[in-house]
Amino acid sequence: MKRYFTRKVLIYLLTFFIAVTIDWMIPRFMPGDPVLNMLAKAGSVHAEAQEVMYGYLTTAFGLDLPIWQQYFNFWKALFHGDLGVSVLQFPRPVADVIKSAIPYDLLLLIPSIVLSWIAGNKFGAFAARSKKLDNTILPVGYILTATPYMWLGILLGWVFAIILKIFPISGAFSYALKPAFTWTFIKSVLQHWFLPFASLFIVQFGGWAIGMRNMIIYELEADYAHYLEALGAPKRLIRKYAYNNALLPQLSGLALKLGVIVAGAMSTEIVFSYPGIGYLILMAIQNSDYFLLQGCFLFIIIGVLLANFIIDIVFILVDPRTRLGMQGGS
Amino acid sequence: MGAEKKTNEILYFALRNGKLKIGLVIVFIFVAIAIFGPLFSKYPLNEFVAGGPNPPSADYFMGTTAYGQDVFAQFVYGLRSTFIVGIVGGGIATMLGMLIGFLGGYKGGWLDEFLNGITNIILVIPTFALLLIMVAYLKLRGVVLESIFIGLTCWPWAARAIRAQTFSLVSREFVDLAKLSGMGTLKIIFGEIAPNMMSYLFMTFILQFGGAILNAATLDFIGLGPTQGASLGLMMNWATIGSALLLGYWWWFVPPGLAITAIVGALYIMNVGLDEVFNPKLREM
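Residues numbered from 1 in each chain as written. Chains lettered and ligands numbered in written order. Predicted model: local features only at pLDDT ≥ 70, side-chain atom pairs only at ≥ 80, totals over all residues. Heavy atoms only, no water.

On a plain count of helices and strands, chain B comes out with 13 helices and 0 strands. Reading the secondary structure of chain B in the N-to-C direction produces α-α-α-α-α-α-α-α-α-α-α-α-α. Judged by the C-alpha coordinates and their principal axes, chain B covers about 75 × 45 × 30 Å. Within chain B, buried positions represent 55% of all 285 residues. Long-range pairs, those at least 24 residues apart, make up 71% of the contacts in chain B between residues at least 6 apart in sequence. Summed over its atoms, the accessible surface of chain B is roughly 12,600 Å², and 68% of this surface lies on carbon and sulfur atoms. Here chain B holds 17 positive side-chain charges and 15 negative ones, and the gap between their average locations is 4 Å. (Helix = DSSP H or I, 4+ residues; strand = E, 2+ residues; numbered from the N terminus. Buried < 20%, exposed > 50% of the residue type's maximum accessible area, 1.4 Å probe, protein only. Contact = heavy atoms within 4.5 Å. Areas by Shrake-Rupley, 256 points an atom, 1.4 Å probe, with all protein chains shown as cover. Lys, Arg positive; Asp, Glu negative; His and termini not counted. Charge placed at Lys NZ, Arg CZ, Asp CG, Glu CD.)

As structure tokens, then:
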């Protein structure tokens, strides 16, 4: 158990280290002197921002210092939670701006990932090798996974918000309301949440259903399945074993797909002007707010690493082999 | 003689496979539109030819944008960008994946540990975040450059899969025989190992091709697309910023997404077909 975790944590720490290094390196070594560009652009948005930026640049970026010292200072600032100042929402610190966006991301990502994974797997297993369903689930599932998240978002928004006027098209809650713990507010939040959630859910659902359908077909061709069949075991039992075996690759598939799902959530937020990190990124790009962009990058990495770690823990809970292997190892 | 017979058998199953045929036909239709479409475009790309928005008509096949640009011109040139991204981005990612997967899987030892470590680390970092931070700092962005960046960040899962496949082949007799006969590493990899997993490599390329297209669409949509020219993701970005949804200009935002979905979906379905052709166990009974 200990060895497994130390190994995993080590990989994640190393990944974080490399990600921070990339975050530090890219603005410095990209052609065209982006740091100076950043300053010039900041000045054009807010005159007084330029001075603050310059102050930050000299402490955190420390452009006149030797390279290794610059790198060291970057880490130091990072551990103090100092990611610079946002140009877009001057003079709010970047960390602060991102913090207020994160709840919206979690609100979209966690339910859509968990629910689509469970529902997709169940449906895929149900459809596998049943002639009629299989012929519809296969093309429909592949078309869904091939759909760009934002396009499905655009279509859903167009049909349900513009034509049918059932749901609102933008924002996280009605502009007329102030955040409060009241029914009207919660209702407004749910109404605004539904369409972005639905577009994320539908695309992911297709992927999991297809994945499970393919896994089950492989499993049903495996020797143990044929053996059980020869023994005269009921079909339901064989399928249950196949399902349990297929769940594990689906779980590691989830870890692999996290990045794509996060990217999908980002673009969906843009469609619905949903104030999560994706929407911040669009704003940051349009206003050349590079500090904010770099902060978003770090937060996405941290989020994905944490999610990976959670999946590792789930793996131990679900897979008896990991547990046994770990007991034997320690 | 034996090889010829095997090719014939694969061809026989390929021609009978409905999924493969449907996928191929759809992809070819879009390739044809990408190649010949611009010849039929009446208006130059991105020029403000009409005063404002127009629904599709005989004059403007696919209507015009809110600013009066011809949607058909953007669509056909955007399709070209899509295929360039697929070929260049998917190609680079597949080749890097092959290089790293083959070397690690064949050589083993510290080299494998090292390459596998890098692969695992980049696998965890979301490609999209990496692309975001790299592309954001480029002032001038072109489709080819975007594709190269996509290729450079998307290889890890291919490397991992190819490494695993190589492992299973390395201990076979024909590889031992090649080693005994004094063949060099590269010659063994490309002469003995690669041909035995050709179908697998080809399918990896198709998946990378589709993945690169989707990645580019996301980047373009978020505002980091090519600074000149057209792409399908950019069209959706412009449409969203131009409030096409609120104003109901469906001809502006439906075609680009539909084309991406159709192309990538067709590629995926083609892949299932190929899997059935190469893997007799999966053929329909």
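A word on the overall build of chain A. Helix and strand counts for chain A come out as 13 helices and 0 strands. Mapped from its N terminus to its C terminus, chain A presents α and β elements in the order α-α-α-α-α-α-α-α-α-α-α-α-α. Counting all 330 residues of chain A, 51% fall into the buried class. The contacts of chain A with a sequence gap of at least 6 include a subset with a gap of at least 24, amounting to 71%. Split by element, the accessible area of chain A, about 16,200 Å² in all, is 71% carbon and sulfur.

Each partner contributes to the interface: chain A provides 54 residues, whereas chain B provides 49 residues. On the chain A side of the contact with chain B, Trp151, Ile154 and Trp158 of chain A bury the most area, a combined 13% of that side's loss. Joining chain A to chain B, the criterion identifies 0 salt bridges. The interface formed by chain A and chain B holds 3 residue pairs in polar contact (both at pLDDT 80 or more) in total. Taken together, the residues that form the side of chain A that touches chain B break down as 40 nonpolar, 10 polar and 4 charged. (Buried area = accessible area lost by both parts, 1.4 Å probe. Salt bridge = Lys/Arg side-chain N within 4 Å of Asp/Glu carboxyl O. Polar contact = N/O pair within 3.5 Å; in protein donor to acceptor, adjacent residues only side chain to side chain. Nonpolar A, V, L, I, M, F, W, Y, C, P; charged D, E, K, R; others polar.)

Turning to the nonpolar core, a few remarks are in order. Membership of the largest hydrophobic core comes to 163 residues, with the highest contact counts inside it found for Ile281 of chain A together with Phe75 and Leu79 of chain B. It is helix α10 (residues 235-271) of chain A that contributes the most residues to this core, 17 residues altogether. Here phenylalanine 75 of chain B is in contact with Phe30, Met62, Leu232, Met235, Pro255, Pro256 and Ala259 of chain B, once residues within four sequence places are set aside. Counting 14 residues, the second largest nonpolar core, distinct from the first, contains Met98, Phe102, Leu169 and Met197 of chain B. (Core = buried A, V, L, I, M, F, W, Y, C linked by side-chain atoms within 4.5 Å.)

Position of isoleucine 270 of chain A among the secondary structure elements: in helix α10. Taking the C-alpha atoms as reference points, isoleucine 270 of chain A and serine 188 of chain A, 82 residues apart in sequence, are found 19 Å from one another.

Residues and elements named next belong to chain B. Topologically, alanine 73 is positioned in helix α3 (residues 71-107). On the accessibility criterion, alanine 73 (0% relative accessible area) is buried. Alanine 73 sits 146 residues away from leucine 219 along the chain, and the two C-alpha atoms are 21 Å apart. What alanine 73 contacts, discounting residues up to four positions off in sequence, is Ser41, Tyr43, Pro44 and Leu45.

Before going further, it helps to examine unusual backbone geometry. Residues and elements named next belong to chain A. You will see that lysine 165, though not glycine, has its phi angle at about 55°, which is positive. Tracing the backbone shows lysine 165 in the loop between α7 (149-163) and α8 (183-220). The exposed category is assigned to lysine 165, whose relative accessible area is 64%. Of note, serine 273 is a non-glycine position whose phi angle comes to about 45°, a positive value. For serine 273, a relative accessible area of 22% gives the class partly exposed.

Let's shift gears to the layout of surface pockets. Residue and element names in this part refer to chain A. Reported here for the second largest pocket is a volume of approximately 760 Å³. If one sorts the elements of the lining of the second largest pocket by residue count, helix α12 (residues 290-318) sits on top with 10 residues. In terms of residue class, the lining of the second largest pocket is built from 23 nonpolar, 1 polar and 1 charged. (1 Å grid on protein atoms, 1.4 Å probe; cavity = no way out; pocket = protein on both sides within 12 Å on 5 of 7 lines; lining within 4 Å. Points joined across faces, edges and corners; volume = space filled by probe spheres on them.)

With that out of the way, let us pick up the packing of aromatic side chains. Residues and elements named next belong to chain A. According to the stated counting rule, one finds 22 aromatic pairs over all chains in the structure shown. Considering the side-chain rings of tryptophan 24 and tyrosine 71, the 4.9 Å spacing of their centres and the 65° angle between planes classify their relative orientation as edge-to-face. Here tryptophan 24, found in helix α1 (residues 2-29), pairs with tyrosine 71, found in helix α4 (residues 67-79); they are 47 residues apart in sequence, far enough to count as distant. Neither residue differs from the other here; tryptophan 24 and tyrosine 71 are each classed as buried. Centre to centre, the rings of tyrosine 104 and tyrosine 274 are 5.7 Å apart; their planes meet at 85°, and the pair counts as edge-to-face. Of this pair, tyrosine 104 sits in helix α5 (residues 94-127) while tyrosine 274 sits in the loop between α10 and α11 (277-286); the two residues are 170 residues apart in sequence, bridging distant segments of the chain. Among the aromatic residues, those joined into a ring-pair cluster are Phe123, Phe126, Trp193, Phe197, Phe201 and Phe205. The ring of tryptophan 208 is capped by lysine 257, whose NZ or CZ atom sits 4.8 Å from the centre of that ring. (Phe/Tyr/Trp six-rings, centres within 6.5 Å; stacked < 30°, edge-to-face > 60°. Lys NZ or Arg CZ within 6 Å of the ring centre and 35° of its normal.)

All names here are of chain B. Inspection of the entire model under this criterion finds 3 cavities of 30 Å³ or more. There is about 80 Å³ of room inside the second largest cavity. Lining the second largest cavity we find 13 residues, and of these Thr82, Ile213, Ala216, Ala217 and Asp220 sit closest to its centre. Mapped onto the lining of the second largest cavity, the elements with two or more residues apiece are α3, α6 (143-153), α10 (198-224) and α11 (232-241). Sort the elements by how many residues they give to the lining of the second largest cavity and α10 lands first, with 4 residues. In the lining of the second largest cavity, the residues fall into 7 nonpolar, 4 polar and 2 charged.

Next up on the list: the pattern of salt bridges. All names here are of chain A. Taken as a whole, this structure holds 4 salt bridges over all chains when the rule is applied. Taking the shortest distance from any N to any O, the salt bridge between lysine 8 and aspartate 312 comes out at 3.7 Å. Of this pair, lysine 8 sits in helix α1 while aspartate 312 sits in helix α12, and the two are 304 residues apart along the sequence.

This part takes up helix α2 (residues 18-40) of chain B. All names here are of chain B. Over its 23 residues, α2 runs 32 Å from end to end, which matches the ideal 33 Å to within 8%, given 1.5 Å per residue. Listing the buried residues of α2 in full gives Lys19, Leu20, Gly23, Val27, Phe30, Ala34, Gly37 and Pro38. Its side-chain oxygen placed 3.0 Å from the backbone nitrogen of lysine 19, asparagine 17 serves as the N-cap of α2. (Expected span 1.5 Å × (residues − 1).)

This part covers the confidence of the model for chain B. All names here are of chain B. Within chain B, residue pLDDT values average 87, and 96% of them lie at 70 or more. Looking across chain B, the model is least confident in helix α1 (residues 2-16), with a mean pLDDT of 73, and most confident in α3, with 93. The complex prediction reports pTM at 0.88, with the ipTM value standing at 0.87. (pLDDT = per-residue confidence, 0-100.)

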